[in-house]
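Summary of structural features
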Amino acid sequence: MSNDESPQVPATRDRRGAVREKAQQVHAKQRRARRIRGGLIGVGIVAVVAVVGVSVTLAVTGDASKTTLTPLSATADGFTVTSVAGVSAAGQAVEGDTGGEEAATEEAAPAPTETSAAEVEIRVYVDYLSPASAQFQAANASQLSSWVEDDAVTLTYYPVALLTAKSNGTKYSLRAAAAAACVATYAPDAFYLFNNALLTQQPDVDSDGFSDTELADIAQASGVQSPKVVRACIEDGDYLTWAKDATERAIDEIPGTDGTPLTGTPLVLVNDAVYVGSVDSAQEFAQFVLTIDSDKYYATPTPTPTS
């Protein structure tokens, strides 16, 4: 019997060794599979991070490009009126705005002296949600437009957004200022009429104000020559960042005033002198302009005649 059983021992050992070897191979294969899965997960994470990074980069780049949009027609954040077409002698838009009625009831004020030596520069900072800005425009639109037509003054408006928080979260002041920049950039001849319309058709404080579409409609009604371009500029908010930055610059310091900050609107300057009179009196403002005009005229040296 011993001779019959002895060959079974090595066979059993061989089978056990084969099993162990097979198990080792399986474990090794499982380890390789885990490493491969781990590598794939790592690659996936890297890919996701890369996609997120690209997305953030594109977003930041997009925002950065927005911040670089500055109205080419702006001079020190202001827009000089080049045409007063569309506003009647009473300061009303030809379509029948209600603005300028108060100015029409006052006695016509004399225009500044029409000499190059006595030319007057008028700068007006306006917030399109400011009731006082609307009052100033209604009272003075008539004489301002006539002075511009007579080349007696240089008139520049500075749209700012001090009342952005006063429109139920719609940021109307900011959007309106940006819309004014769009019109001044792409349709400068229509800027005065658009500016006048925003002030004389002004929405109430603490209301939503006009939507971007409505602002674009007002711009189109003001006679812009490129309505599609202006509409896209307004609805895309091209100059929102510029309007915000321009407001902050004005709050820091008004150019030409030795550090005077913007604290409210309207802020009206005549040859850098701040007007502190009544915003709804055309005569009082005209007298201030004439006084500044006279001071400049008499301060100009008279040329000495030559023999």
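Before any of the text, the structure's been laid out above.
The structure presented is a predicted model; accordingly, all values stated were derived computationally and were not measured.

Together, Glu 119, Glu 121, Glu 149, Asp 150 and Asp 151 make up a region of like negative charge exposed at the surface. Turning to its location among the elements, Glu 119 is positioned in the loop between helix H3 (101-105) and strand S2 (120-126).

For the pair helix H7 (residues 212-221) and helix H8 (residues 227-235), the least separation of the axes is 9 Å and the interaxial angle reads 150°. As judged from the angle between their axes, H7 and H8 are roughly antiparallel. Two packed elements cross with a definite hand, and for H7 against H8 that hand is right-handed. Only Pro 227, Val 230, Arg 231, Ile 234 and Glu 235 of H8 make contact with H7, whose side of the interface consists of Asp 212, Thr 213, Leu 215, Ala 216, Asp 217, Ala 219 and Gln 220. In terms of residue class, the contact of H7 with H8 is built from six nonpolar, two polar and four charged.

Formed by 61 residues in total, the largest nonpolar core has its most connected members in Ile 122, Leu 144, Leu 155, Tyr 157, Phe 191, Tyr 192 and Phe 285. For this core, the leading source of residues is helix H5 (residues 172-186), giving 11 residues. Not counting chain neighbours up to four residues away, the residues in contact with Ile 122 comprise Leu 144, Trp 147, Val 153, Thr 154, Leu 155, Thr 156, Val 268, Leu 269, Val 270, Phe 285 and Val 289.

Applying the stated criterion across every chain yields a total of one disulfide. Covalent S-S linkage joins Cys 182 and Cys 233, the inter-sulfur distance amounting to 2.0 Å. For the disulfide bridge between Cys 182 and Cys 233, the dihedral angle about the S-S bond is near -75°, and by the sign convention the bridge is left-handed. Within this pair, whereas Cys 182 is found in helix H5, its partner Cys 233 is found in helix H8, the two being separated by 51 residues in sequence. We note that Cys 182, like Cys 233, is buried.

This part takes up the pairing of strand S4 (residues 267-270). The two faces of S4 match: Leu 267 and Leu 269 on one face and Val 268 and Val 270 on the other face are all buried. Relative to strand S5 (residues 273-274), S4 runs antiparallel, the two sharing two bridges. Counted as the bridge partner of Leu 269 is Val 274 from S5. Here S4 folds back onto S5 in antiparallel fashion, the turn holding two residues, of which Asn 271 has a positive phi close to 50°.

The next thing to look at is H8. Within H8, burial applies to Val 230, Cys 233 and Ile 234. Along the axis of H8, the buried positions cluster into a sector of 95°, meaning they face one direction only. Buried residues in H8 make contact with H5 and H7. Phi for Gly 237, located one or two positions after H8, is positive at around 65°.

To continue, consider a positive patch on the surface. A cluster of basic residues, Lys 22, Lys 29, Arg 31, Arg 32, Arg 34, Arg 35 and Arg 37, forms a positive patch on the protein surface. Note that Arg 37 resides in helix H2 (residues 8-67). For Arg 37, a relative accessible area of 48% puts it in the partly exposed group.

Cis geometry is adopted by the peptide bond preceding Pro 266, which originates at Thr 265 and carries an omega value of 0°. Mapped onto the elements, Pro 266 comes out in the loop between helix H9 (240-252) and S4. Its identity as a non-glycine residue notwithstanding, Lys 171 has a phi of 55°, on the positive side. Mapping Lys 171 onto the fold places it in the loop between strand S3 (153-159) and H5. Look at Asn 271: it is not a glycine, yet its phi comes out positive at around 50°. With respect to the helices and strands, the residue Asn 271 is situated in the loop between S4 and S5. On the basis of relative accessible area, Asn 271 is assigned to the partly exposed category, the value being 24%.

The next subject is empty space enclosed by the protein. The final tally for this structure, using the stated rule, is one cavity of 30 Å³ or more. Looking at the largest cavity, its volume works out to about 40 Å³. For the lining of the largest cavity, the secondary-structure elements that each account for two or more residues are H5 and H8. For the lining of the largest cavity, the element with the highest residue contribution is H5, accounting for four residues.

Turning to the packing of aromatic side chains, a few remarks are in order. Counted under the stated rule, the structure contains 10 aromatic pairs. For the pair Trp 147 and Phe 285, a centre-to-centre distance of 6.3 Å together with 35° between the ring planes defines the contact as tilted. Of this pair, Trp 147 sits in helix H4 (residues 131-149) while Phe 285 sits in helix H10 (residues 282-299), and the two are 138 residues apart along the sequence. The exposure class of Phe 285 is buried, given its relative accessible area of 0%. The interplanar angle of 75° and the centroid separation of 5.1 Å between the aromatic rings of Tyr 275 and Phe 285 together place this pair among those described as edge-to-face. Of this pair, Tyr 275 sits in the loop between S5 and H10 while Phe 285 sits in helix H10, placing them 10 residues apart in sequence.

Conventions adopted
Residue positions within a chain follow its written sequence, with the count starting from 1. Where local features are concerned, this predicted model is filtered to residues with pLDDT of at least 70; where side-chain atom pairs are given and counted, the filter is 80 or more; whole-chain, interface and lining totals use all residues. As a rule here, side-chain values come from all non-hydrogen atoms in the structure, and water together with hydrogens is ignored. Like-charged residues are merged into a patch within 9 Å and nonpolar side chains (Val, Leu, Ile, Met, Phe, Trp, Tyr) within 5 Å, provided each residue has over 30% relative accessible area and no salt bridge. Here, Shrake-Rupley sampling with a 1.4 Å probe gives the accessible areas, and only protein chains in the shown set may cover a residue. Only one rule defines a salt bridge in this text: a Lys or Arg side-chain nitrogen within 4 Å of an Asp or Glu carboxyl oxygen. Residues scored as positive are Lys and Arg, those scored as negative are Asp and Glu, and His as well as the terminal groups of each chain are ignored. Note on charges: their place is set at NZ of Lys, CZ of Arg, CG of Asp or CD of Glu. Counting from the N terminus, the helices are the DSSP runs of H or I reaching at least four residues and the strands are the DSSP runs of E reaching at least two. With axes taken as lines fitted to C-alpha atoms, and helix axes fitted only over the stretch in contact, angles between N-to-C directions fall between 0 and 180 degrees. For classification, angles of less than 35 degrees are called roughly parallel, those exceeding 145 degrees roughly antiparallel, those between 65 and 115 degrees roughly perpendicular, and all remaining angles oblique. Take the far helix as your reference; a near helix turned counterclockwise from it by less than a right angle gives a left-handed crossing, and one turned clockwise gives a right-handed crossing. We call two residues in contact when some of their heavy atoms are within 4.5 Å. Note on residue categories: nonpolar means Ala, Val, Leu, Ile, Met, Phe, Trp, Tyr, Cys or Pro, charged means Asp, Glu, Lys or Arg, and polar means any other residue, Gly included. In this text, buried Ala, Val, Leu, Ile, Met, Phe, Trp, Tyr and Cys residues form a nonpolar core when linked through side-chain atoms within 4.5 Å. With a 1.4 Å probe rolled over the protein chains alone, any residue whose accessible area is under 20% of its type maximum counts as buried; one over 50% counts as exposed, and the rest are partly exposed. We call a pair of cysteine sulfur atoms a disulfide when they lie within 2.5 Å. We call two strands paired when DSSP finds no fewer than two bridges between them. Directions are taken from the helix axis to each C-beta atom, and the arc is the one they span. Think of a 1 Å grid over the protein atoms and nothing else: a 1.4 Å probe that fits but is trapped marks a cavity, an open set flanked by protein within 12 Å on at least five of seven lines marks a pocket, and residues with an atom within 4 Å of a point count as lining. Grid points are joined across faces, edges and corners, and a volume is the space filled by probe spheres set on the points. A pair of aromatic rings is counted whenever rings of Phe, Tyr or Trp (Trp by its six-membered ring) have centres within 6.5 Å, and the orientation is called stacked for planes under 30 degrees apart, edge-to-face for over 60 and tilted otherwise.

So, to be careful, I would describe these as geometric facts and stop short of saying anything about function.
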